[in-house]
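Architecture at a glance
Single-letter residue listing:
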Amino acid sequence: MAAESCGICGGDGRIANSFSGTTASCPGCHGTGRRSDDTGFRDVTKTKPSHYRQPNKAAAVEKQQGPASLEGIQLAREVNAAAHLSSGTKTKLTLEIVEHEATHGKCTQTFIKKVRKQLRPPGS
């Protein structure tokens, strides 16, 4: 029993584009020229156990909790001593000091001035 030829390409297996003159493989028969028994739906669920395994990732490196340099520690103490700041603001400023040290190695004078400016009480 011979299989029926593809209804899209007529059994040729190729489709020509009349605008650009190019040819491509037929999407209906995938170039075989014979009609496929495909229902149109294809199961793409991942059923292999290997798909459920977690990737081998390195453990996340913990960020340091406080500043490491002498200038950073002193600046963090000044932040914690500021009575007019909320605890959230103090935490944010301390984290900013730690991140600045991580990128620059130590607290620069410009950064220290910037933080001390934020430490001033309102209205002064």
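- Per an unreviewed UniProt entry, the protein chain goes by the name Molecular chaperone DnaJ and belongs to Sorangium atrum.

With respect to the overall build of the protein chain
- Counting its secondary structure elements, the protein chain contains three helices and two strands.
- Along the protein chain, helices (α) and strands (β) appear in the sequence β-β-α-α-α when read from the amino end.
- Looking at the protein chain as a whole, 21% of its 124 residues are labelled buried.
- Considering only contacts within the protein chain whose residues lie at least 6 apart along the sequence, 48% involve residues at least 24 apart.
- Surface summary for the protein chain: the accessible area is close to 10100 Å², and the carbon and sulfur share equals 53%.

Some details on the side chain of His 100
- The topology assignment puts His 100 in helix 2 (residues 87-104).
- The buried category is assigned to His 100, whose relative accessible area is 12%.
- A distance of 3.4 Å separates a polar atom in the side chain of His 100 from a polar atom in the side chain of Thr 108.
- When residues no more than four places from it in sequence are discounted, the contact partners of His 100 are Gly 105, Lys 106, Cys 107, Thr 108 and Phe 111.

Some details on the nonpolar core
- Grouped together as the largest cluster of nonpolar side chains are 12 residues: Leu 75, Ala 76, Val 79, Ala 82, Leu 85, Leu 93, Ile 97, Cys 107, Phe 111, Ile 112, Val 115 and Leu 119.
- Mapped by element, the contributors of at least two residues to this core are helix 1 (70-81), helix 2 and helix 3 (109-119).
- A per-element tally of this core places helix 3 first, with four residues.

Looking at helix 3
- When we look at burial in helix 3, the residues that qualify are Phe 111, Ile 112, Val 115 and Leu 119. The arc that holds every buried residue of helix 3, seen down its axis, measures 100 degrees, which confines them to one face. The outward face of helix 3, more than 90 degrees from its buried face, is lined by the exposed residues Gln 109, Thr 110, Lys 113 and Lys 117.
- In the core, the buried residues of helix 3 are packed alongside helix 1 and helix 2.

About the cut-offs
Residue positions are given per chain, counting from 1 as you read along its sequence in written order. Reporting of local features is limited, given that this is a predicted model, to residues whose pLDDT is at least 70; pairs of side-chain atoms are given and counted only at 80 or more, and all residues count toward the totals for whole chains, interfaces and linings. Note that water and hydrogens are dropped before the side-chain values are worked out from all heavy atoms of the structure. To qualify as a helix, a DSSP run of H or I must reach at least 4 residues; to qualify as a strand, a run of E must reach at least 2; elements of each kind are numbered from the N terminus. Burial status follows relative accessibility: with a 1.4 Å probe on protein chains alone, a residue under 20% of its type maximum counts as buried, one over 50% as exposed, and anything between as partly exposed. By definition, residues are in contact when any of their heavy atoms lie within 4.5 Å. Exposure was quantified through the Shrake-Rupley algorithm and a 1.4 Å probe, taking into account, for residues, occlusion by the shown protein chains and nothing else. Here a polar contact is recorded for every N or O atom pair within 3.5 Å, except that within protein the pair must consist of a potential hydrogen donor and a potential acceptor, and residues adjacent in sequence are included only if both atoms are side-chain atoms. Here, the term nonpolar core denotes a set of buried Ala, Val, Leu, Ile, Met, Phe, Trp, Tyr and Cys residues that are joined through side-chain atoms within 4.5 Å. Directions are taken from the helix axis to each C-beta atom, and the arc is the one they span.

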